[in-house]
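What follows is the residue order along each chain.
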Amino acid sequence: MYTIIDKIQLTEGIFKMIIKAPHIAKSWKPGQFVVLMVNEIGERIPLTIVDGNTYEETITLIFQVVGKTTALLASKNVGEQIYSIMGPLGKPSEIKRYGKVALIGGGVGAAEILPQARALKQVGNYVISIVGARSSSKLILVEELKSFCDEVHVCTDDGSYGFKGFVSDALSNLIEEGYRIDYVYAVGPVPMMKAVSKVTFKHKIKTVVSANPIMIDGTGMCGVCRVIVGGEIKFACIDGPDFDAHLLDFDTLESRLKTYIKHERKAFEDFMRCQCHG
Amino acid sequence: MGNEEKSLREMPQLLPIEERISTFKEVNLGFTEEQVKKEASRCLQCPKAYCMAGCPANVKIPKFINAIRQGNYKRAIEIICETNSLPAVTGRVCQVEMQCEKACILGRKGIPVSIGLLERFVADIALKRGWKRFACDAFNGKRVAVVGSGPAGLTVAGDLIKLGYEVTVFEALHKPGGVLVYGIPEFRLPKNVVEKEIKTLEDSGVKICTNFCVGKSITLKEIFEEGYDAVFLGIGAGAPVVLDVPGVNLGGIYTANEFLVRTVLMKAYLFPKYDTPIDFGKKVIVIGGGNTAVDSARVAVRMGVEEVKIAYRRSVEDMPARREEILRANEEGVKILQLVNPVRFIGDENNHVIKVELVKNQLTYIDETGRSVPVPIEGSNFYVEGDMVILAIGQKANRVFTQTVPQLKLDKEGYIIVDYEAKTSLERVWAGGDIIRGSATVIQAIGDGKRAAASINKTLMSNNI
Ligand SMILES: Cc1cc2nc3c(=O)[nH]c(=O)nc-3n(C[C@H](O)[C@H](O)[C@H](O)COP(=O)(O)OP(=O)(O)OC[C@H]3O[C@@H](n4cnc5c(N)ncnc54)[C@H](O)[C@@H]3O)c2cc1C
Ligand SMILES: Cc1cc2nc3c(=O)[nH]c(=O)nc-3n(C[C@H](O)[C@H](O)[C@H](O)COP(=O)(O)OP(=O)(O)OC[C@H]3O[C@@H](n4cnc5c(N)ncnc54)[C@H](O)[C@@H]3O)c2cc1C
Ligand code: FES
């Protein structure tokens with residue numbers, strides 16, 4: 001059913017996979033995701049739909065290996081099958097003409113802003129993207145982003161390429177330099193989204209982040225993906241994953257993400273050990 | 001159950017307690033054939049069968065028991081299947097003490113016939129021997145889409161395939177069965193029983209498309225565009241209610257849905273063989289009093305935690321869970337704190353729950369549901385230690401589908417409004433099960449499915465649409 005059509009390693013630990021999934025390819029919209037199980041005894045994990053091709057009936061996923069399931073997925077090769085992929089899930093992002101927009105992607109988040117960039121450009125926005133990585137070798141998709149964006153700003157933590165520092169600092173600098181930005185969309189690790197939100201809150205810029213809590217079913221049934229938005233409990237899988245950054249409680253999101261850290265580490269270590277010993 | 005009961009009716013074989021608490025094996029092993037004969041002979045064969053009226057699916061109880069008496073199990077299962085498409089399931093999970101067995105005449109003076117266990121016996125034989133329960137008519141040219149593969153959806157699928165319809169079931173999850181596979185645990189309803197029931201349907205020609213979330217993967221409009229003549233919505237209630245008290249988002253606090261999905265569906269108890277983890281504490285507190293609460297408590301017991309407590313706001317007698325399961329839970333060491341409400345969850349420095357503040361309740365006036373209303377007693381607050389809390393305080397309507405069809409009429413709580421034939425406000429769309437009545441029961445979902453299937457058949461055959 002869900003056959004891997006292509007697999008490309010973008011950088012160390014980040015892979016792009018093109019997978020056959022006809023009904024998702026047909027109906028997905030930017031901001032939506034799939035829930036995937038690599039095999040029957042696997043975990044269900046959410047991944048953003050980066051692209052879709054109706055003609056080839058495929059979708060593109062870009063993921064970073066952070067634990068057992070992503071490592072297992074990365075170990076699959078072209079021609080192999082994925083057990084279950086369900087989607088597109090979540091509410092599509094609000095794509096409209098905002099004016100000047102800044103898309104911020106930290107790490108693998110650069111992949112998740114790609115569909116946003118394409119769609120926001122199409123409706124006539126001036127699109128700036130700011131992507132960051134630890135060092136130049138870890139940067140991904142800069143060329144692809146350049147093809148859709150009016151400006152691409154690159155940051156590295158070690159200064160090996162572009163601006164030395166975090167994406168939130170780069171954004172802050174642009175604003176202080178006098179850039180008028182009407183809308184910000186940020187995806188990445190929670191601390192990064194939180195930092196971006198802090199910057200834009202100060203400057204009263206409408207900001208949306210893609211919340212990334214742990215998920216299981218992705219259909220609003222289990223409640224594990226609950227986040228607090230403006231003091232209210234919301235389920236990221238059906239009410240989001242996009243939320244107003246200035247209303248989202250990042251601290252609760254971060255502490256809930258750590259619930260399974262011990263188990264995750266064990267599963268990952270066991271898996272890597274098995275891989276090494278054949 | 002008391003000794004008096006034992007002397008009056010046959011008692012099922014149970015797995016020894018020591019074995020129960022360390023495995024997920026089925027607890028109630030059912031009747032032997034000899035017991036079945038004895039129990040069936042107790043039935044009075046009342047001409048006016050109150051038991052039937054007590055069954056939401058109107059199973060022809062005296063008639064199937066009579067077939068058992070004659071040793072004709074094949075006939076017995078055929079009679080049951082006229083009105084109940086999942087007898088091996090209902091024979092295990094029906095709330096019999098509230099339904100058929102409550103209405104049984106014998107029960108008025110003494111102990112009712114064990115109708116549920118008789119049903120289970122013949123259903124299990126039928127599954128084991130692979131008896132075909134019905135023949136299918138030739139394809140009648142009509143196609144029906146069923147959304148959701150819980151008991152309501154499966155019933156509609158079974159009834160319509162019989163009548164010659166082409167039936168496709170769309171299920172969002174990777175496994176069909178609804179609550180039967182993601183909620184009710186293995187020790188009460190073995191998953192191979194559910195799988196066999198579903199296999200029977202598939203063998204009759206029902207097509208099941210898993211990983212299809214209707215409204216997302218395919219819209220209602222697209223289903224009709226693909227040429228389906230009618231749609232049945234059996235999407236369940238399936239959204240957890242999250243208690244609105246301080247500390248509810250601390251680590252270690254689960255909704256029962258998450259807890260059961262992790263353990264029952266994703267088999268977290270087999271971690272790390274299965275990949276889905278769950279973080280078990282030492283002291284577990286389950287909030288609630290229904291089947292979901294009791295099931296969660298009994299799953300926790302089997303994970304080897306030190307203690308498991310259920311905290312329920314009314315009295316034990318008012319608990320909506322099946323009587324039998326409350327008894328089994330007690331035997332397995334689950335403690336029940338009655339007449340209490342949680343007020344606050346308290347966490348440690350890592351934001352992980354360590355205790356729960358509860359307040360005592362007193363029962364006051366009787367409300368419209370016939371139960372007394374609990375009211376907190378001021379100043380009666382106390383603390384119970386617990387490093388894992390499971391919230392089993394009810395379900396609400398899941399919006400994943402309904403939010404995509406604004407024209408569909410819902411009540412104020414988000415449940416789909418239907419008429420007496422299970423028709424919704426949309427043309428050629430029917431609905432049944434938990435999504436029309438809130439958390440209810442398997443047999444009610446089956447009853448709804450029966451009603452809807454009959455109405456779909458009537459409509460499609462008469463209008464010739
Ligand atoms: C809506 C949504 C879209 C996502 N899109 C993408 C994507 O396009 N590409 C991508 O690489 N990742 C994406 N993620 C994150 C991805 O789901 C997790 O990285 C994945 O579940 C990890 O699984 P694992 O078994 O490999 O690691 P685990 O062993 O489960 O986790 C390893 C580490 O990752 C952290 N982690 C676990 N779940 C998440 C999560 N949901 N988000 C962030 N960190 C997590 C854990 O805290 C832990 O430190 C998305 C998450 C959500 C909710
Ligand atoms: C833990 C627990 C224990 C229980 N114990 C008992 C018991 O002992 N006895 C009893 O009689 N009842 C019991 N119940 C209640 C009983 O299980 C339900 O009343 C019954 O399952 C409802 O059936 P349903 O067909 O309406 O929906 P469900 O069984 O909820 O099935 C609905 C299905 O629809 C799917 N779905 C939802 N939205 C979509 C969509 N958009 N597209 C595709 N698929 C979708 C869901 O994934 C699910 O599989 C229990 C419930 C729980 C949670
Ligand atoms: S992932 Fe289960 S409710 Fe959102």
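Each remark here, short or long, concerns the structure printed above.
Once that is clear, we can look at the overall build of chain B. Regarding its fold elements, chain B presents 20 helices and 18 strands. The C-alpha atoms of chain B give 23 Å as radius of gyration, which agrees with the globular expectation for 465 residues (23 Å, within 12%). C-alpha atoms of chain B, sized along the principal axes, occupy 65 × 55 × 50 Å. Taking all 465 residues of chain B together, the buried fraction comes to 59%. Considering only intrachain contacts with a sequence separation of at least 6, the fraction spanning at least 24 residues in chain B is 68%.

This part takes up the overall build of chain A. Per the secondary structure count, chain A includes 10 helices and 17 strands. By the compact-globule yardstick of 19 Å for 278 residues, chain A fits well, its C-alpha radius of gyration being 18 Å. Going through the 278 residues of chain A one by one, you find that 58% of them count as buried. Working note: accessible area of chain A is about 11,500 Å², and carbon and sulfur atoms make up 51% of it. Between the averaged position of the 32 positive side-chain charges in chain A and that of its 31 negative side-chain charges there is a distance of 2 Å.

Further remarks concern the environment of A:Thr54. All names here are of chain A. Mapped onto the elements of the fold, Thr54 is located in the loop between β5 (51-53) and β6 (58-64). The exposed category is assigned to Thr54, whose relative accessible area is 52%. When the C-alpha positions of Thr54 and Ala21 are compared, they lie 9.5 Å apart, and in sequence the two are 33 residues distant. Setting aside chain neighbours within four positions, we find Thr54 in contact with Ala25 and Lys26.

Residues and elements named next belong to chain B. Ligand 2 sits among 36 residues. The nearest are Val93, Glu171, Arg188, Val214 and Asp434. Here Ala440 contributes a backbone N or O atom positioned 3.1 Å from an oxygen atom of ligand 2. Relative to its unbound accessible area of 1,000 Å², ligand 2 is 96% covered by the protein chains. Looking at the shell around ligand 2, the elements that each hand over two or more residues are α11 (151-162), α12 (179-182), α16 (291-302) and α20 (442-463). Sorting elements by how many residues they give to the shell around ligand 2 places α16 first, with 3 residues. When the residues that make up the shell around ligand 2 are grouped by side-chain class, the tally is 19 nonpolar, 12 polar and 5 charged.

All names here are of chain A. Taken together, 21 residues form the shell around ligand 1, and within it Pro46, Thr48, Ile62, Gln64 and Thr70 come nearest. Measuring from a nitrogen atom of ligand 1, one finds a backbone N or O atom of Ile62 at 2.9 Å. A distance of 3.0 Å is found between an oxygen atom of ligand 1 and a backbone nitrogen or oxygen belonging to Thr69. When the free accessible area of ligand 1 is taken as 850 Å², the share hidden by the protein chains comes to 86%. Elements with a minimum of two residues in the shell around ligand 1: β4 (45-48), β6 and α2 (68-74).

With that out of the way, let us pick up the packing of aromatic side chains. Under the criterion given, the structure shown has 7 aromatic pairs over all chains. Here A:Phe15 and A:Phe63 contribute two aromatic rings whose centre-to-centre distance is 5.9 Å and whose plane-to-plane angle is 20 degrees, an arrangement assigned as stacked. Within this pair, whereas A:Phe15 is found in strand β2 (residues 14-20), its partner A:Phe63 is found in strand β6, the two being separated by 48 residues in sequence. Using a relative accessible area of 11% as the deciding quantity, one classes A:Phe15 as buried. Where B:Phe170 meets B:Tyr228, the ring centres are 6.3 Å apart and the plane angle is 75 degrees; that geometry is what we call edge-to-face. Of this pair, B:Phe170 sits in strand β4 (residues 166-170) while B:Tyr228 is found in the loop between α14 (220-225) and β6 (230-233), placing the two residues 58 residues apart along the sequence. Between B:Arg108 and the ring centre of B:Tyr50, over which it is positioned, the NZ or CZ distance is 4.8 Å. Geometry around B:Tyr383 places B:Lys355 over its ring, the cationic atom sitting 5.0 Å from the centre.

All right, on to the state of the cysteines then. Disulfides are covalent bonds that connect the sulfur atoms of two cysteines. Tallied over the entire structure, the rule returns 0 disulfides over all chains. The thiol of B:Cys43 is unpaired, and the distance to the nearest cysteine sulfur, on B:Cys46, comes to 6.4 Å.

Let us look at the interface of chain A and chain B. Taken together, the contacts link 46 residues of chain A with 40 residues of chain B. When the two sides are added together, the surface that chain A and chain B hide from each other amounts to roughly 3,700 Å², 56% of it contributed by carbon and sulfur. Considering only the side of chain A, the residues that lose the most area to chain B are A:Ile41, A:Met221 and A:Tyr260, jointly responsible for 18% of the buried surface there. Linking chain A with chain B are 2 salt bridges. Ionic pairing is found between A:Glu40 and B:Lys175, a salt bridge with its closest N-O pair at 3.9 Å.

Turning our attention to the sheet that holds strand β13 (residues 183-187) of chain A. All names here are of chain A. The sheet built from 7 strands is open, its strands ordered β12-β11-β10-β9-β13-β14-β17 with mixed pairing. For this open sheet the edge positions go to β12 (163-164) and β17 (242-244), each flanked by a neighbour on one side alone. Bridge analysis of strand β9 (residues 100-106) against β13 gives 5 bridges, and the strand direction is parallel. Bridge pairing in β13 links Ala102 to Val184. Helix-sheet contacts for helix α6 (residues 167-176) involve β9, β10 (126-133), β11 (151-156) and β12, and the interaxial angle to β10 is about 145 degrees. Helix-sheet contacts for helix α7 (residues 190-202) involve β9, β13 and β14 (206-210), and the interaxial angle to β13 is about 165 degrees.

Below, the discussion takes up the pattern of salt bridges. According to the stated counting rule, one finds 45 salt bridges over all chains in the structure shown. For the salt bridge of A:Asp150 with A:Lys121, the shortest nitrogen-to-oxygen distance reads 3.0 Å. Taken as a pair, A:Asp150 in the loop between α5 (142-148) and β11 and A:Lys121 in helix α4 (residues 114-122) lie far apart in primary sequence, 29 residues in all. A:Asp150 sits in the partly exposed class, given a relative accessible area of 33%. Here B:Arg9 and B:Glu101 are joined by a salt bridge, their closest N and O atoms 3.2 Å apart. Residue B:Arg9 is found in the loop between α1 (3-8) and β1 (13-14), and its partner B:Glu101 is found in helix α8 (residues 100-103); the two are separated by 92 residues along the sequence. For B:Arg9, a relative accessible area of 11% translates into the label buried. One continuous salt-bridge network, built from bridges that share partners, spans B:Arg20, B:Arg188, B:Asp295, B:Arg298, B:Arg302, B:Arg322, B:Glu324, B:Glu325, B:Arg328, B:Glu331 and B:Glu332.

Moving on: the sheet that holds β4(A). Residues and elements named next belong to chain A. Strand order across the open sheet formed by 3 strands is β4-β3-β8, with antiparallel pairing between neighbours. A strand with exactly one partner marks an edge of an open sheet, and here the two such strands are β4 and β8 (84-89). Neighbour-to-neighbour, the strand axes of this sheet turn through a mean angle of 25 degrees, independent of strand direction. Relative to β8, strand β3 (residues 33-37) runs antiparallel, the two being bridged by 4 bridges. Its bridge partner being in β8, Met37 is matched across the sheet by Ser84.

Turning next to the pairing of β6(B). Residue and element names in this part refer to chain B. Judged by which residues are buried, β6 turns out to be covered on both faces: Ala230 and Phe232 on one side and Val231 and Leu233 on the other are all buried. When strand β3 (residues 143-147) meets β6, the two strands line up parallel, connected through 4 bridges. Pairing of Val146 across the sheet is with Phe232, part of β6.

Reading the values: rules and limits
- Residues numbered from 1 in each chain as written.
- Chains lettered and ligands numbered in written order.
- Predicted model: local features only at pLDDT ≥ 70, side-chain atom pairs only at ≥ 80, totals over all residues.
- Heavy atoms only, no water.
- Helix = DSSP H or I, 4+ residues; strand = E, 2+ residues; numbered from the N terminus.
- Rg over C-alpha atoms; globule rule 2.2 N^0.38 Å.
- Buried < 20%, exposed > 50% of the residue type's maximum accessible area, 1.4 Å probe, protein only.
- Contact = heavy atoms within 4.5 Å.
- Areas by Shrake-Rupley, 256 points an atom, 1.4 Å probe, with all protein chains shown as cover.
- Lys, Arg positive; Asp, Glu negative; His and termini not counted.
- Charge placed at Lys NZ, Arg CZ, Asp CG, Glu CD.
- Near = heavy atom within 4 Å.
- Polar contact = N/O pair within 3.5 Å; in protein donor to acceptor, adjacent residues only side chain to side chain.
- Nonpolar A, V, L, I, M, F, W, Y, C, P; charged D, E, K, R; others polar.
- Phe/Tyr/Trp six-rings, centres within 6.5 Å; stacked < 30°, edge-to-face > 60°.
- Lys NZ or Arg CZ within 6 Å of the ring centre and 35° of its normal.
- Disulfide = S-S within 2.5 Å.
- Buried area = accessible area lost by both parts, 1.4 Å probe.
- Salt bridge = Lys/Arg side-chain N within 4 Å of Asp/Glu carboxyl O.
- Pairing = 2+ DSSP bridges.
- Axes fitted to C-alpha atoms, helices over the stretch in contact; angles between N-to-C directions.

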